[in-house]
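# Descriptive structure summary
Each chain is listed here by its residues.
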Amino acid sequence: MIGPYQLHNNIHNTLWKQGNNMIPMVNLKAQYAEIKDEVEQGLAQTIENCSFILGPNVQAFEQETAAYLGVKHAIGVASGTDALHLALLAEGIGKGDEVITTAFTFIATAEAIKYVGAVPVFVDIDPRTFNIAPEAIINAITSRTKAVMPVHLFGQPADMEQIEQICQEHNLKLIEDCCQSFGASVGGKQTGSIGDAAGFSFFPSKNLGGFGDGGLVVTNSDTTAAKLKQLRNHGSNVRYYHEVIGYNSRLDEMQAVILRAKLKRIDQYNQGRRRVAHRYSELLAGLPLTTPLEDGLGVHVYHQYTLLSERRDEIMQALQAQQIACAVYYPVPLHQQVAFKEECEGLSLPVTETVAAQCFSLPICPYLSDGDIKTITDTIKAAL
Ligand SMILES: *Cc1c(COP(=O)(O)O)cnc(C)c1O
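Residues numbered from 1 in each chain as written. Predicted model: local features only at pLDDT ≥ 70, side-chain atom pairs only at ≥ 80, totals over all residues. Heavy atoms only, no water.

In the nomenclature of an unreviewed UniProt entry, the chain is known as DegT/DnrJ/EryC1/StrS family aminotransferase of Methylovulum psychrotolerans. The heading Sequence similarities (unreviewed entry) in the UniProt record of the chain holds the text "Belongs to the DegT/DnrJ/EryC1 family." (UniProt positions renumbered as here; feature names shortened; annotations may be inferred.)

Next comes the structure, spelled out in structure tokens:
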């Protein structure tokens, strides 16, 4: 049997050593072929101009993403983790404050909360969407609660109508983790445009990914935006004059060149992901598996196509034997991580734990052919 840690290592192998699988989790090479000329031209120009830090492409990308997402401000930063960290700081979340979030996410969600000295309060999820359960948020509110941080996990927006209402009623900040949801919308609004602030990641495998690390914070608040511009640049507005202690966390100019080329095509990429997801669900219907549910509240952009099965390990072994990549996002929920041992001792989140024990994700990207999809679903059928 393949244990969770071994599977987890495979996730990273599939991303970092693309060539090893006949069908990879995400085909970044095919994507690059389409944008190669545009990217190479832009990069050459940047090198020629030597405008490497907060140059014209970062500025243009910030304007273009703000327009795309329907927000007043977009501020490029060094990663999605930094985006969440700086968003919390700019919103005044700090020492001893409680931030309600999900344990079924990548650790960066909760790391950001820890970085500002706040306490992550993990609550359970909806078993069908894997997103934070609004009722669980209500039950976890105390006098120390200052913010709620939902994650639009796997690209499906959380129930923002209810979450926004809870935050308004209890006077809580709402900070969205949009690291997996670029281009997803809910109630006619883009994810990231609903809360007080939101963080996006441009890690290479994300729906909008660079060729390295990158991130973005968005907000409609002028005050928050001004703080973020200071925080990402050593607490400074005017060079060598520092108002606060800040960070070195800027979106790289070269990454902005690449991201601008991909932003033009993001709707096409996300539609491609939806096509693949729908085809998978059609072909897997009727098998003893739980295929992902689109809850109809918003538009799912399938950062991951994640299923549940009690026979996960058998299925994954069969896929791997056919050189088909697959991965477990996430094998260990955050409340069971060693890093959170002290604060989460004895905490039980039954839905999260069941989902983590049964979930696995299939390759998904706009370049997966119908033939590949058929090969993958046939392999699963044969394994079951
Ligand atoms: C990727 C991710 C992050 C962190 O983004 P980085 O750019 O890798 O720092 C945070 N939260 C979630 C849910 C993510 O998927």
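Still more to cover.
### Things to note about empty space enclosed by the protein
Tallied over the full model, the rule gives two cavities of 30 Å³ or more. Volume-wise, the largest cavity comes out at about 90 Å³. Forming the walls of the largest cavity are 16 residues, and the residues nearest its centre are Val26, Leu28, Gln31, Asn207 and Arg273. For the lining of the largest cavity, the elements supplying multiple residues, two or more each, are α2 (28-49) and α10 (266-284). Its residues assigned to classes, the lining of the largest cavity comprises eight nonpolar, five polar and three charged. In this model, the second largest cavity occupies a volume close to 70 Å³. In terms of lining residues, the second largest cavity is bounded by Arg128, Thr129, Phe130, Leu153, Phe154, Gln156, Pro292, Leu293, His300, Gln304 and Thr306. (1 Å grid on protein atoms, 1.4 Å probe; cavity = no way out; pocket = protein on both sides within 12 Å on 5 of 7 lines; lining within 4 Å. Points joined across faces, edges and corners; volume = space filled by probe spheres on them. Helix = DSSP H or I, 4+ residues; strand = E, 2+ residues; numbered from the N terminus. Nonpolar A, V, L, I, M, F, W, Y, C, P; charged D, E, K, R; others polar.)

### Re the packing of helix α11 (residues 312-321) against helix α14 (residues 370-383)
Following both chains from N to C, one finds α11 and α14 inclined at 130°, their axes separated by 9 Å at the closest point. For the element pair α11 / α14, the angle class is oblique. Note that α11 runs across α14; the crossing there is right-handed. Contacts between α11 and α14 involve Glu314, Ile315, Ala318 and Leu319 from the former and Ile376, Thr379, Ile380 and Ala383 from the latter. Here the residues of the contact of α11 with α14 are counted per class, giving six nonpolar, one polar and one charged. (Axes fitted to C-alpha atoms, helices over the stretch in contact; angles between N-to-C directions. Parallel < 35°, antiparallel > 145°, perpendicular 65-115°, else oblique. Left-handed = near helix turned anticlockwise from the far one by under 90°. Contact = heavy atoms within 4.5 Å.)

### Thoughts on the packing of aromatic side chains
Within the structure shown, the criterion is met by 14 aromatic pairs. With 6.1 Å between their ring centres and 90° between their planes, Phe104 and Phe154 make a pair best called edge-to-face. Here Phe104, found in the loop between β2 (98-102) and α5 (108-115), pairs with Phe154, found in the loop between β4 (145-149) and α7 (160-169); they are 50 residues apart in sequence, far enough to count as distant. Judged by relative accessible area, Phe104 falls into the buried class, the value being 1%. Among the aromatic residues, those joined into a ring-pair cluster are Phe104, Phe106, Phe130, Phe154, Tyr329 and Tyr330. (Phe/Tyr/Trp six-rings, centres within 6.5 Å; stacked < 30°, edge-to-face > 60°. Buried < 20%, exposed > 50% of the residue type's maximum accessible area, 1.4 Å probe, protein only.)

### A word on the sheet that holds strand β6 (residues 185-186)
Across the sheet, which stays open at both edges, the three strands sit in the order β7-β6-β12 with antiparallel pairing between neighbours. Both edges of this open sheet fall to β7 (189-190) and β12 (298-299), since each of them pairs with a single strand only. By the bridge criterion, two bridges tie β6 to β7 in an arrangement that is antiparallel. Within the sheet, the bridge partner assigned to Ser185 lies in β7 and is Gln190. (Pairing = 2+ DSSP bridges.)

### Let's talk about the UniProt feature "modified residue: N6-(pyridoxal phosphate)lysine" (unreviewed entry) in the chain
In the numbering used here, UniProt assigns the "modified residue: N6-(pyridoxal phosphate)lysine" (unreviewed entry) feature to Lys206. Within the secondary structure, Lys206 sits in the loop between β8 (197-201) and β9 (215-219). Look at Lys206 and you get buried, because its relative accessible area is 15%.

### Considerations on the side chain of Asn57
Its place among the elements puts Asn57 in helix α3 (residues 56-69). Polar contacts involving the side chain of Asn57 include one to the side chain of Arg260, which spans 2.9 Å. (Polar contact = N/O pair within 3.5 Å; in protein donor to acceptor, adjacent residues only side chain to side chain.)

### Here we look at the confidence of the model for the chain
Mean pLDDT for the chain: 94, with 95% of residues reaching 70 or above. With pLDDT under 50 throughout, residues 1-18 is counted as low confidence; its partners more than four residues away or in other chains account for 31 contacts. (pLDDT = per-residue confidence, 0-100.)

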